[in-house]
Amino acid sequence: MSASDSLDPVAEVEAVHALLATWLGTDAEPEVLERFAATQHDTMSMVTTGGTRLSRSELLSGLRRARNARPGLDIEISEVEVLFAEGNVTVVRFMERHHFDGKHADRWTTAVLTAEGLPPRYSWRVLHETEAPGD
């Protein structure tokens with residue numbers, strides 16, 4: 001049994017995005033961003049819906065400035081699909097629907113997670129977002 005067998009990638013995706021929505025959508029305490037940051041591996045990188053590549057430090061720097069930038073933001077996660085799971089590596093794809101200001105924006109996201117530590121927990125390594133067509 002691998003370390004990732006004891007982890008739930010759906011719960012991980014939902015929990016991390018709940019932290020993100022809390023940080024961006026409320027006057028959250030700094031601890032919320034710290035908990036989000038703890039899920040990101042030191043070498044984590046992402047590609048945004050606009051095609052910008054961000055390192056972990058660039059992402060967190062932007063987020064520090066974005067506290068409560070979207071009051072009331074809710075992020076709905078659906079269609080989580082495990083694309084690959086072997087050893088300590090799990091690749092997931094999911095739909096994010098960002099509800100804000102009476103509108104929503106959708107994006108497909110693919111993430112590479114690794115199971116690390118004892119007890120094992122996921123560490124986010126790679127994130128790639130693609131804007132999805134609206135309804």
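Trainee: I keep staring at the packing of helix H1 (residues 9–25) against helix H2 (residues 30–38) and nothing clicks. Help me out?
Mentor: If you want to describe how two helices pack, look at the angle between their axes and the distance between the axes. Here H1 crosses H2 at 145 degrees, and the two axes come no closer than 9 Å. In the crossing of H1 with H2, the sense of the turn from one axis to the other is left-handed. Here Val16, Leu19, Leu20, Thr22 and Trp23 of H1 come into contact with H2, specifically with Pro30, Val32, Leu33, Arg35 and Phe36. Residues belonging to the contact of H1 with H2 are distributed by class as follows: eight nonpolar, one polar and one charged.

Trainee: Looking at this structure, I do not really get unusual backbone geometry. What am I missing?
Mentor: If a residue is not glycine, its phi is most likely negative; likewise, a peptide bond is most likely trans. A cis amide bond links Leu118 with the next residue in sequence, Pro119, at an omega value of -5 degrees. Along the chain, the position of Pro119 falls in the loop between strand S5 (103–116) and strand S6 (121–131). Despite not being glycine, Asn68 has its phi angle at roughly 60 degrees, a positive value. Along the chain, Asn68 falls in the loop between helix H3 (56–65) and strand S3 (74–86).

Trainee: Sorry if this is basic, but what is going on with the pattern of salt bridges here?
Mentor: Proximity of charged atoms lets side chains of opposite charge pair with each other. All told, the structure shown has six salt bridges when counted by the stated rule. With a shortest N-O distance of 3.3 Å, Arg107 and Glu129 are connected by a salt bridge. Note that Arg107 is positioned in strand S5 and Glu129 in strand S6, a separation of 22 residues in sequence. Judged by relative accessible area, which is 17%, Arg107 ranks as buried.

Calculation criteria
- Residues numbered from 1 in each chain as written.
- Predicted model: local features only at pLDDT ≥ 70, side-chain atom pairs only at ≥ 80, totals over all residues.
- Heavy atoms only, no water.
- Axes fitted to C-alpha atoms, helices over the stretch in contact; angles between N-to-C directions.
- Helix = DSSP H or I, 4+ residues; strand = E, 2+ residues; numbered from the N terminus.
- Left-handed = near helix turned anticlockwise from the far one by under 90°.
- Contact = heavy atoms within 4.5 Å.
- Nonpolar A, V, L, I, M, F, W, Y, C, P; charged D, E, K, R; others polar.
- Salt bridge = Lys/Arg side-chain N within 4 Å of Asp/Glu carboxyl O.
- Buried < 20%, exposed > 50% of the residue type's maximum accessible area, 1.4 Å probe, protein only.

Everything listed here is a matter of geometry and, on its own, says nothing about what the molecule does.
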